[in-house]
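Given next are the chains, with one letter for each unit.
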Amino acid sequence: MSVINVGQAVVLGAVEGVTEFLPVSSTGHLKIVEGLMGIPVDDDAVVGFSAVIQVGAIAAVLVYFFKDIVRIMSAWFRGLADREERYHHDYKFAWWVIAATIPIVAVGLAAKPLIQGPLASLWVVAGSLIVGSGVMWAADRMGRHKRGEDDTSFKDAMLVGSSQILALLFPGFSRSGATMSTALMLDLDRVAATRLSFFLGIPALTGAGIYELKDALGTGAGAAPLVVGTLVSFVVAYASIAWLLKFVAKHSFNAFVIYRIAVGLLLFGLLGTGVLNS
C-alpha cells in the first residue's frame, strides 16, 4: 500500500507548486503539511516523493523561461565551436550555472544521511524559517538593488549557487530565500535576484528529483500519487512564477519575512503542544 494516496498527493503537489519559488521554504511547508496529514516526514518514500514532485515545479520554470533557456543554451553550443562566441554573456552564464551547481551536489551526496536524519526534524524547520527571515530582511535592506541580470558575474553565480546548501542542510531556510538573499547582498535588484534563483534551481532540483526517484518508487510512494503530485505541482508553480516576478518588481520581501516568522512560531507552538510530532 502506498504511503501517500492520490488525495494527499494533490494537496502536497499544490503546496510544492506554491512554495517552491517563493522564499518561504517548500521543504518546510511540505513537512508541515505531511505532519498534519499524519504522513511520516522521515520515511524514505516520503522524502523521495517530495524530491520527485519538485520536477513538476522545475518543468514550470522550463516552460515559463523557454525562450531564455533556448537563447542561453544556443549561445553555449555555439561557444563550444566558435571562440568568438565565448565572449557572449549567455555562453558564460551557462557555464556559471553548471559550476554553481557543483557545491550543492557534493554536499547533498556527502551529507544525505544527516539531511534525511536529524536535520529533517520539524524543530529544525521552525528554527530555519525564523532565522532565514532575519537573513532575508537584512539582505533586502543592505542590498543597493543597482545591478541587473546582465551585470551578473561568475562570482555572483558561485556565491548564489553555493547558498543553496543552507536550504539543503536546514529545511525551512528556503532555497529560493537563500539564493535571493545572497543575490540581494551582492547588490542585484529584486527581479534579477529572483530570475537568477530560478535558473540556478533548474539543475539542482532536477538532479535531486531524478536521484530520489528510485526511493520514491521503490519504497511505497506509488506511481499514481507521484504522477498526480508532479502534474499539480507544475500547474500551480507556473502560476506562482508569473505572480512572483510581478510582485518583486514593485514590492520588498517584507510580506515573506512576516509570513515566515508567523509560520515558524506557529510550528513551534504545534510541536510544543504535541499537536505535531517532530
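What counts, and at which threshold
- Residues numbered from 1 in each chain as written.
- Predicted model: local features only at pLDDT ≥ 70, side-chain atom pairs only at ≥ 80, totals over all residues.
- Heavy atoms only, no water.
- Helix = DSSP H or I, 4+ residues; strand = E, 2+ residues; numbered from the N terminus.
- Rg over C-alpha atoms; globule rule 2.2 N^0.38 Å.
- Buried < 20%, exposed > 50% of the residue type's maximum accessible area, 1.4 Å probe, protein only.
- Contact = heavy atoms within 4.5 Å.
- Areas by Shrake-Rupley, 256 points an atom, 1.4 Å probe, with all protein chains shown as cover.
- Arc of directions from axis to C-beta.
- Core = buried A, V, L, I, M, F, W, Y, C linked by side-chain atoms within 4.5 Å.

**Describing the overall build of the protein**
Line of reasoning, step 1. Each helix and strand in the protein was counted, giving 13 helices and zero strands.
Line of reasoning, step 2. Ordered by position in the sequence, the α and β elements of the protein form the string α-α-α-α-α-α-α-α-α-α-α-α-α.
Line of reasoning, step 3. Against the globule reference of 19 Å for 278 residues, the protein gives a C-alpha radius of gyration of 18 Å, in line with a compact fold.
Line of reasoning, step 4. Taken along the three principal axes of its C-alpha coordinates, the protein extends 60 × 40 × 35 Å.
Line of reasoning, step 5. The proportion of buried residues among the 278 residues of the protein is 52%.
Line of reasoning, step 6. Here the analysis covers contacts within the protein between residues at least 6 apart in sequence; of these, 79% occur between residues at least 24 apart.
Line of reasoning, step 7. Accessible surface, the protein: about 12,000 Å² in total, of which carbon and sulfur atoms supply 70%.

**A closer look at helix H8 (residues 154-162)**
Line of reasoning, step 1. The complete set of buried residues in H8 reads Asp156, Ala157, Val160 and Gly161. The arc enclosing the buried residues of H8, seen along the axis, measures out at 115°, which places them on a common side.

**Quick look at the environment of Ala51**
Line of reasoning, step 1. Within the element layout of this structure, Ala51 appears in helix H3 (residues 44-64).
Line of reasoning, step 2. Overall, the relative accessible area of 9% leaves Ala51 in the buried class.
Line of reasoning, step 3. Expressed as a C-alpha distance, the spacing of Ala51 and Pro171, which sit 120 residues apart in the sequence, is 13 Å.

**Let's talk about the nonpolar core**
Line of reasoning, step 1. Phe21, Phe198, Ile241 and Phe256 are the most contacted members of the largest nonpolar core, which has 43 residues in total.
Line of reasoning, step 2. Looking at this core, the element that brings in the most residues is helix H11 (residues 190-218), giving eight residues.
Line of reasoning, step 3. Setting aside its immediate chain neighbours within four residues, Phe21 contacts Ala57, Ile58, Val61, Arg175, Ser176, Met180, Phe198, Ala237, Ile241 and Leu244.
Line of reasoning, step 4. Within the second largest apolar cluster, 12 residues are counted, among which are Ile4, Val15, Ile39 and Val46.

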